[in-house]
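Survey of secondary and tertiary structure
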Protein chains: 2
Amino acid sequence: MTDFPEPLSGSAQDECPELRPKFNADGLIAAIAQDVASGEVLMLAWMNSDALKATLETRRATYWSRSRQSLWVKGETSGHVQHVEEVRIDCDQDAVLLKVRQTGGACHTGRASCFYRIADSDGVGLTVAKD
Amino acid sequence: MTDFPEPLSGSAQDECPELRPKFNADGLIAAIAQDVASGEVLMLAWMNSDALKATLETRRATYWSRSRQSLWVKGETSGHVQHVEEVRIDCDQDAVLLKVRQTGGACHTGRASCFYRIADSDGVGLTVAKD
């Protein structure tokens, strides 16, 4: 897969029929993984250009680990892989949404989703969600 | 609402019962908005500390506009407000998930969701989703 073309400016980016991801100053784009069956939002991670290409080519979610500074094939060690059914991009092409079939829990804590806690309305406490 | 306490290190952050958001070097945290009724992922935006506090207090989604460098109450001008039913935070507390009731389209293009285009498997083209 060749390199992605540069983003366009303004509304041209919103309507263009080409993938022109807008990476940030660190060369990264935010990627949301959503379970295609349940609709549950599983996690938010980051991709560089190579991670996005690998995800599109292999249909297995591949991210950029900011802590390890290396490509990270989700589930490579845990077995909790994400099979990617769709890669969506948002209007200005600075965020990606993966619709995935998740094997095992998406979260490193073993939970299905990383978003397992709800903020109390006082903005202080967190309550573990029942679902 | 007082300031948020500092994040903890490692797995303490994953299991702690307090909201300790981890803002990035720009003082921002990623926020995903999901329609509570349909499960559709609507958009990804950014919050600073004040935006997160305002969202928790008013239950109306409030973001930080990186282009305008100001607080942005979603729908303030368009009327397309987001009533926030739940604010979730992920394991390491560097991403927020809002479960919202969306009035009108979430996207500035008028569409329900910002994620209206699917990347073709060749990684080149984009196809507008039917849903």
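Since the structure is predicted, the reported quantities are computational estimates derived from the model, not experimental observations. (Residues numbered from 1 in each chain as written. Chains lettered and ligands numbered in written order. Predicted model: local features only at pLDDT ≥ 70, side-chain atom pairs only at ≥ 80, totals over all residues. Heavy atoms only, no water.)

**Details of the relation of the copies chain B and chain A**
Taken as rigid bodies, chain B and chain A are interconverted by a rotation of 180° and an axial shift of 0.0 Å, the fit giving an RMSD of 0.0 Å. Taken together, these values place the two copies in the relation of a two-fold axis. Taking the C-alpha atom as reference, chain B places Gly39 of chain B closest to the rotation axis, 2.8 Å from it. The overlap is high: 100% of the interface residues of chain B also sit at the interface in chain A, so the same surface is used on both sides. (Least-squares fit on C-alpha atoms with pLDDT ≥ 70 in both. Contact = heavy atoms within 4.5 Å.)

**As for the UniProt feature "domain: Phosphoribosyl-AMP cyclohydrolase" (unreviewed entry) in chain A**
UniProt records the feature "domain: Phosphoribosyl-AMP cyclohydrolase" (unreviewed entry) at residues 43-116 of chain A, using the numbering of this structure. Taken end to end, residues 43-116 of chain A has its terminal C-alpha atoms 10 Å apart, with 14% of it in helix and 39% in strand. (UniProt positions renumbered as here; feature names shortened; annotations may be inferred. Helix = DSSP H or I, 4+ residues; strand = E, 2+ residues; numbered from the N terminus.)

**Looking at the environment of Trp64 of chain A**
Residue and element names in this part refer to chain A. Relative to the elements of secondary structure, Trp64 occurs in strand S3 (residues 62-65). In this structure, the C-alpha to C-alpha distance between Trp64 and Ala129, residues 65 residues apart in sequence, is 28 Å. Apart from residues no more than four positions distant in its own chain, Trp64 is found in contact with Leu28, Trp46, Met47, Asn48, Ala51, Gln69, Ser70 and Leu71.

**Observations regarding the UniProt feature "binding site: Mg(2+)" (unreviewed entry) in chain A**
In the numbering adopted here, UniProt assigns the feature "binding site: Mg(2+)" (unreviewed entry) to Asp90, Asp92 and Asp94 of chain A. From the set just named, the residues that line the largest pocket comprise Asp90, Asp92 and Asp94 of chain A. Position of Asp90 of chain A relative to the elements: it lies in the loop between strand S5 (82-89) and strand S6 (95-102). The residues contacting Asp90 of chain A, other than those within four sequence positions of it, are Ala95 of chain A together with Cys114, Phe115 and Arg117 of chain B. For Asp94 of chain A, the position within the fold is in the loop between S5 and S6. On the accessibility criterion, Asp94 of chain A (18% relative accessible area) is buried. The residues contacting Asp94 of chain A, other than those within four sequence positions of it, are Lys22, Ile29 and Ala30 of chain A together with Arg66 of chain B. (1 Å grid on protein atoms, 1.4 Å probe; cavity = no way out; pocket = protein on both sides within 12 Å on 5 of 7 lines; lining within 4 Å. Buried < 20%, exposed > 50% of the residue type's maximum accessible area, 1.4 Å probe, protein only.)

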